[in-house]
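Observations on the three-dimensional arrangement
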Amino acid sequence: MLEEHLDEAEFRWLQWEKSLGAPDFTLIETARLEELLLAHLDGLVIGAATSADSVLRPALDAEDPFRVSAAAYSLLALGEVDEILRRLRGAEPEARTAIRRALELSEAPGLGARLLDLLTREDAAPRAEVLEMLSFRREAPPEVLAHYFAHDEQRVRVAALRAAMPLPEDAARKLLPMLLDSSHPGIRAAAMGAGLTIGVRQAWEACRAAVRAHDEHSPEAMVLFAMGGNESDVPLLLALLDAEDLRPHVLWALGFSGRVSAMEVCLSYMEVPDMARLAGESFSAMTGLRLEGPYALPAGERPEGAAPPAEFQDDLDADLEPRPEDDLPWPDVAAIKGWWRDEKRRFVKGTRYLHGQPFSGTVLVDALETSPMRRRHVLARELALRSRGTLMVHTRAFTHVQRAELAKARAASSRIRMQSFDSGLR
């Protein structure tokens, strides 16, 4: 019976993790998968008090990472924190990632304090992972994070910056200029977010400069610029569409701009087969038009000129790994153009829209509750930025945690900053 619980937990964990980045799952649908996962994890915990040696510990050496995560999570719930931390230090990279995921999600008593202790005893690579776990769990004290803002290891600096919401004033004053000028794109992006959270002008200027420079290493800057800019800023993003390698990143970013000019450009790119689904996704997010029924091609049908799925291509070097966007619907362009002709007049230039509604704190929280899962990570980032780090929704946490965070955000939605990011900067 315990083996059956472990087999099912492995499979359900895989399903749940995929749903967190899926374009065709919502929070409600993800919660249903999660309920099945948690039921089997509970079965392992309830039944494994005397069987940890025969079922759970051997599973920590399994090849499948989701089996490792399920076993580690169950052992943590059984109080085996020392063993899991010891395994984390000695595990191979894939197994370490799986154990780390269990540590992020675990509610084992005192785990945060143990991770903080581990932080002082590890070399650079595990230290970055421990910082990332503490960041996920929101258990990293500001004074601890400040110690790592100028660390020699780049990944450690990125982890500390992303965990510090908001960034302490003295760190912003002393370190932000250097971090924004870093040659490492991850550090620059983290510094932009940290600076924008506390309203530092140099962070916005760095974001704009990255977009102007057509920086292929900073897709996050495009998203920050799209969500935080004005109508007059959109042409800078549109200019990037001329670069074929940047086009998917630009279309993704435009979907968070909510501007009429972005809607029209996305509508035009729905006629380009390689970009049609990404453009349709962004158009839907801005206008609120759901690409289903008459506005999507029937299942199995593709527009003329669209490349076949990778598994049916003759290219032996084709990447066969499924991507989240592969599950997006193919837009029915003619039907969508007809809808746009009828509805366009209600979208006013100079106004930002999300799900077809003028942007507001309430609309942002609503979108976080109802949007496809893969878009919610960016929306949660915007909520954190606009609330100066006081409102966080952990979109890769269990859904009961997310629900509690959404309730807090909804209660404070009237106090979320609505201005563009360049308003009121210091």
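Placed above this text is the structure.
Residues numbered from 1 in each chain as written. Predicted model: local features only at pLDDT ≥ 70, side-chain atom pairs only at ≥ 80, totals over all residues. Heavy atoms only, no water.

1. Notes on a negative patch on the surface
Where we set the bar: To count toward a patch, a residue needs a relative accessible area above 30% and no salt bridge. Like charges then connect within 9 Å, nonpolar side chains (Val, Leu, Ile, Met, Phe, Trp, Tyr) within 5 Å. For every accessible area listed, the method is Shrake-Rupley and the probe measures 1.4 Å; residues are considered covered only by the protein chains on display. Just to be clear on terms, a salt bridge is a Lys or Arg side-chain nitrogen sitting within 4 Å of an Asp or Glu carboxyl oxygen. In summary, the charge assignment counts Lys and Arg as positive and Asp and Glu as negative, without counting His or the chain termini. Here the site of a charge means NZ on Lys, CZ on Arg, CG on Asp, or CD on Glu. Under the DSSP-based scheme used, a helix requires at least four consecutive residues in state H or I and a strand at least two consecutive residues in state E, with every element numbered from the N terminus.
Taken together, the side chains of E216, E244, D245 and D274 define an acidic patch exposed on the protein surface. When you line up the elements, D274 lands in the loop between α17 (260-269) and α18 (276-287).

2. Regarding helix α12 (residues 185-197)
Note the cut-off: One less than the number of residues in a helix, times 1.5 Å, gives the span that helix is expected to have. Classification of residues uses two cut-offs on accessible area relative to the type maximum, computed with a 1.4 Å probe and protein chains only: under 20% is buried, over 50% is exposed, and between them is partly exposed.
Under the 1.5 Å per step criterion, the end-to-end length of α12 is 18 Å for 13 residues, consistent within 8% with the ideal 18 Å. For α12, the tally of buried residues reaches 11 of 13 residues, placing the bulk of the element in the interior. Among all positions of α12, only I187, R188, A189, A190, A191, M192, G193, A194, G195, L196 and T197 are buried. Once α12 ends, the next one or two residues include G199, with phi positive near 75°.

3. With respect to the side chain of S106
Going by this rule: In protein, a polar contact requires one atom able to donate a hydrogen and another able to accept it; more generally it is a pair of N or O atoms within 3.5 Å, and residues adjacent in sequence count only if both atoms are side-chain atoms. Here a residue-residue contact requires only that any non-hydrogen atoms of the pair lie within 4.5 Å.
In this structure, S106 sits in the loop between α6 (93-105) and α7 (111-119). Using a relative accessible area of 6% as the deciding quantity, one classes S106 as buried. A polar contact of 3.0 Å, which involves the side chain of S106, links it to the backbone nitrogen of A108. Among residues more than four places away in sequence, those in contact with S106 are Y73, L76, L111 and R137.

4. What about the packing of aromatic side chains?
Under the convention used in this document: Centre distance within 6.5 Å is the pairing criterion for rings of Phe, Tyr and Trp, where only the six-membered ring of Trp is used; planes under 30 degrees apart are then read as stacked, over 60 as edge-to-face, and the remainder as tilted.
All chains considered together, the criterion is met by 13 aromatic pairs. Centre to centre, the rings of W204 and F421 are 6.1 Å apart; their planes meet at 85°, and the pair counts as edge-to-face. In this pair, W204 is assigned in helix α13 (residues 201-212) and F421 in the segment after α22 (399-411), connecting sequence segments 217 residues apart. Each member of the pair, W204 as well as F421, carries the same accessibility label: buried. Three or more aromatic residues joined by ring pairs form one cluster here, namely F283, W339, W340, F347 and Y353.

5. Quick look at the environment of L60
Looking at the element boundaries, L60 is found in the loop between α3 (52-59) and α4 (65-77). Along the sequence, L60 and G356 sit 296 residues apart, while their C-alpha atoms lie 47 Å from each other. Excluding residues within four positions of it along the chain, L60 makes contact with V68, A71, A72, L75, E83, I84 and R87.

6. Remarks on the side chain of R157
Among the secondary structure elements, R157 is positioned in helix α10 (residues 154-163). No salt bridge forms around the buried R157; measuring N to O, its nearest opposite-charge neighbour D152 is 6.4 Å away. Residues within four places of R157 in sequence aside, it is in contact with Y148, F149, A150, H151, D152, L179 and I187.

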